[in-house]
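Below are the chains, spelled out letter by letter.
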Number of protein chains: 2
Amino acid sequence: MKKGRELADRVVVSIFVNPIQFGPSEDLAAYPRDEARDLEMADKTGVDAVFIPDATQMYPDGFQTTIALNALPGHLCGLSRPGHFDGVATVVAKLLGIVWPNMAIFGEKDYQQLLVVRQMVKDLDLDVDIVGAPIVREADGLAMSSRNMYLADDQRKAACSLYRVLTESKKRVKAGETRADTIIASAEALIQAYPETRIDYIAVCDPSTLDAVTAIDGPVLMALAVKVGRARLIDNMLLTP
Amino acid sequence: MKKGRELADRVVVSIFVNPIQFGPSEDLAAYPRDEARDLEMADKTGVDAVFIPDATQMYPDGFQTTIALNALPGHLCGLSRPGHFDGVATVVAKLLGIVWPNMAIFGEKDYQQLLVVRQMVKDLDLDVDIVGAPIVREADGLAMSSRNMYLADDQRKAACSLYRVLTESKKRVKAGETRADTIIASAEALIQAYPETRIDYIAVCDPSTLDAVTAIDGPVLMALAVKVGRARLIDNMLLTP
């Protein structure tokens, strides 16, 4: 919201937990919602409108259209969340159609989502700039996410290992480490030291295509998804030699 | 084009044989193109712009987005042309994104296409009116189509049986016939009397959902697809009791 106020004359915020981007075994029903707090934050930041549709407005009877991408979702979160990015692309196209903004802002924590939305907008010739907003972190480094509310105190410590892994990896690449497998193995060890964690993936990849990188000779994206208790957490960082 | 001039202040025409709506065994390469004649007609009608992209502009390297509908394509032409309406929905979304019109006109000969485009526009909240233009027929009743150029003289006679079937069925329904199967059986007999024909489908269906109708107690769509030589021809008509 702050970034929108910096960049635009008018700011519209959407608040919508989008059912079609959740898989059948995922946490749609439990997903943390706090509309009152969201509205208070919107009010304090000073946005012009908040759009809070309900699911039957977005997906009325007879709704039958899906936007699917065939390459970007074949990486990272797309592998463990089949259909997720179709749901993301479809709802974002709808939100863009409804609001018709000049630009739209997406957080870089969901880096793959940002790429998917950018590609969809390019492929469908939508006249909107997609702007990434840097990850916002808590004091302990944990990337802000609605799902952080799931974390008990001891899980919170485990969750912080994601950020520690990323900053550590960044240092090592800066210091000359060029092997992705070495970086990934160290990251695994550090995270698995916390028994509450279950790694979904740890990847070092091309920041544009998300294809895996083996030898680091330019900027790469390190991205990871780790379950801590019931919270599936993601985080990422650009590593530069 | 004429309808556009009637309805709008500015008219943009697109001329594009869209590769992604052709199946691998279909007639993409042979599909009749006559840009000079198209441009002459556009010029005579007095349109404001003609958009003639080539396929690499519409689908550059890395293009990966498809818009798919899950109900309407499960009928009529969608059954013998898998993926066809995904290609239609995708290219139309792109054309709408590029031209950003207030309205877009689609011929009613491709009735299912018109429904697919309307549904896609509704589902994705695109702010454009989709307008149907009535079928334009040759003097002998044959619905105008680029593919009519495929027809040799004797095939042309066979091709006219589609229109005869539709007008005959319309009369019979008006006169009180309520059984769709009776209508369809007569239509089959009439068309199969021409040995050059191969029926793809003859359907009597709900004009909104395209679901098959058995007892005609309101307006129904009669639609058919018939191969005559190498030309796959379609036609349709609303039948009203």
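Remember, predicted model here, so these are calculated numbers, not experimental data. (Residues numbered from 1 in each chain as written. Chains lettered and ligands numbered in written order. Predicted model: local features only at pLDDT ≥ 70, side-chain atom pairs only at ≥ 80, totals over all residues. Heavy atoms only, no water.)

### Topic: the overall build of chain A
Inference 1: Within chain A, the regular secondary structure consists of 9 helices and 8 strands.
Inference 2: Relative to its length of 241 residues, chain A is compact, with a C-alpha radius of gyration of 18 Å against a globular reference of 18 Å.
Inference 3: Overall, chain A is about 50 × 40 × 35 Å in size when its C-alpha atoms are taken along their principal axes.
Inference 4: Taking all 241 residues of chain A together, the buried fraction comes to 46%.
Inference 5: For chain A, restricting intrachain contacts to residue pairs at least 6 apart in sequence, the fraction spanning at least 24 positions comes to 67%.
Inference 6: Here chain A has roughly 12100 Å² of accessible surface; of this, 51% comes from carbon and sulfur atoms. (Helix = DSSP H or I, 4+ residues; strand = E, 2+ residues; numbered from the N terminus. Rg over C-alpha atoms; globule rule 2.2 N^0.38 Å. Buried < 20%, exposed > 50% of the residue type's maximum accessible area, 1.4 Å probe, protein only. Contact = heavy atoms within 4.5 Å. Areas by Shrake-Rupley, 256 points an atom, 1.4 Å probe, with all protein chains shown as cover.)

### Topic: the relation of the copies chain B and chain A
Inference 1: Superposition of chain B onto chain A requires a rotation of 180° combined with a translation of 0.0 Å along the rotation axis, giving an RMSD of 0.0 Å. Here the transformation between the copies is reduced to the relation of a two-fold axis. Closest approach to the rotation axis within chain B is made by the C-alpha atom of B:Ile67, at a distance of 2.2 Å. (Least-squares fit on C-alpha atoms with pLDDT ≥ 70 in both.)

### Overview of the interface of chain B and chain A
Inference 1: Chain B puts 24 residues into the contact, and the matching count from chain A is 24 residues.
Inference 2: Across the chain B to chain A interface the summed buried area is about 2100 Å²; carbon plus sulfur atoms make up 50%.
Inference 3: At the junction of chain B with chain A, the criterion picks out 2 salt bridges.
Inference 4: As a salt-bridge pair, B:Asp125 and A:Lys94 come within 2.6 Å of each other at their nearest N and O atoms.
Inference 5: At the level of secondary structure, the elements contributing two or more residues to the side of chain B that touches chain A comprise strand S3 (65–69), helix H5 (84–99) and helix H6 (111–123) of chain B.
Inference 6: Of the residues assigned to the side of chain B that touches chain A, the class counts are 12 nonpolar, 8 polar and 4 charged. (Buried area = accessible area lost by both parts, 1.4 Å probe. Salt bridge = Lys/Arg side-chain N within 4 Å of Asp/Glu carboxyl O. Nonpolar A, V, L, I, M, F, W, Y, C, P; charged D, E, K, R; others polar.)

### A closer look at the pattern of salt bridges
Residue and element names in this part refer to chain B.
Inference 1: A complete count under the given rule lists 18 salt bridges over all chains for this structure.
Inference 2: The partner of Asp27 in a salt bridge is Arg147, and the shortest N-O contact between them spans 2.9 Å. Of this pair, Asp27 sits in the loop between strand S1 (12–14) and helix H2 (35–45) while Arg147 is found in the loop between strand S5 (129–133) and helix H7 (153–159), placing the two residues 120 residues apart along the sequence. In terms of burial, Asp27 and Arg147 fall into one category: buried.

### Focus: the sheet that holds strand S7 (residues 220–228) of chain A
Residues and elements named next belong to chain A.
Inference 1: Judged by pairing direction, the sheet is antiparallel, and its 3 strands sit side by side in the order S6-S7-S8 without closing on themselves. Edge positions in the sheet fall to strand S6 (197–205) and strand S8 (231–239), since each of these pairs with one other strand and no more. Within the sheet, the average angular offset between the axes of one strand and its neighbour, ignoring direction, is 10°.
Inference 2: Contacts from helix H8 (residues 161–174) reach S7 and S8, with the element oriented near 15° to S8.
Inference 3: Sheet strands in contact with helix H9 (residues 180–192) are S6 and S7, and its direction is about 160° off that of S6. (Pairing = 2+ DSSP bridges. Axes fitted to C-alpha atoms, helices over the stretch in contact; angles between N-to-C directions.)

### Concerning the UniProt feature "binding site: (R)-pantoate" (unreviewed entry) in chain A
All names here are of chain A.
Inference 1: UniProt records the feature "binding site: (R)-pantoate" (unreviewed entry) for Gln21 and Gln113 in the present numbering. Sequence-wise these annotated residues cover 93 residues; spatially they are packed, their C-alpha atoms never more than 11.2 Å apart.
Inference 2: Turning to its location among the elements, Gln21 is positioned in the loop between strand S1 (12–14) and helix H2 (35–45).
Inference 3: Setting aside chain neighbours within four positions, we find Gln21 in contact with Glu26, Arg81, His84, Gly87, Val88, Val91 and Gln113.
Inference 4: Structurally, the position occupied by Gln113 is in helix H6 (residues 111–123).
Inference 5: The buried category is assigned to Gln113, whose relative accessible area is 16%.
Inference 6: Those residues in contact with Gln113 that sit more than four places away from it in its chain are Gln21, Phe85, Val88 and Phe106. (UniProt positions renumbered as here; feature names shortened; annotations may be inferred.)

### Some thoughts on unusual backbone geometry
Inference 1: Non-glycine residue A:Trp100 carries a positive phi angle of around 55°.
Inference 2: Positionally, A:Trp100 belongs in the loop between helix H5 (84–99) and strand S4 (103–107).
Inference 3: Even without a glycine there, the phi angle at B:Asp125 is positive, about 55°.
Inference 4: Position of B:Asp125 among the secondary structure elements: in the loop between H6 and S5.

### Considering the packing of aromatic side chains
Aromatic rings considered in pairs are described by the distance between their centres and by the relative angle of their planes.
Residue and element names in this part refer to chain A.
Inference 1: Under the criterion given, the structure shown has 7 aromatic pairs over all chains.
Inference 2: Note on Phe22 and Tyr31: the rings are 5.7 Å apart at their centroids and 80° apart in plane angle, and the pair reads as edge-to-face. For the pair formed by Phe22 and Tyr31, the shared burial category is buried.
Inference 3: Note on Tyr59 and Phe63: the rings are 4.9 Å apart at their centroids and 80° apart in plane angle, and the pair reads as edge-to-face.
Inference 4: Residue classification places Tyr59 among the buried positions, given a relative accessible area of 14%.
Inference 5: A connected cluster of aromatic rings, assembled from ring pairs, spans Phe16, Tyr59 and Phe63. (Phe/Tyr/Trp six-rings, centres within 6.5 Å; stacked < 30°, edge-to-face > 60°.)

### Topic: the UniProt feature "binding site: beta-alanine" (unreviewed entry) in chain A
All names here are of chain A.
Inference 1: Per the UniProt record, "binding site: beta-alanine" (unreviewed entry) is annotated on Gln21.
Inference 2: Residue classification places Gln21 among the buried residues on the basis of a relative accessible area of 17%.
Inference 3: For Gln21, the side chain forms a polar contact with the side chain of Asn18, separated by 2.9 Å. (Polar contact = N/O pair within 3.5 Å; in protein donor to acceptor, adjacent residues only side chain to side chain.)

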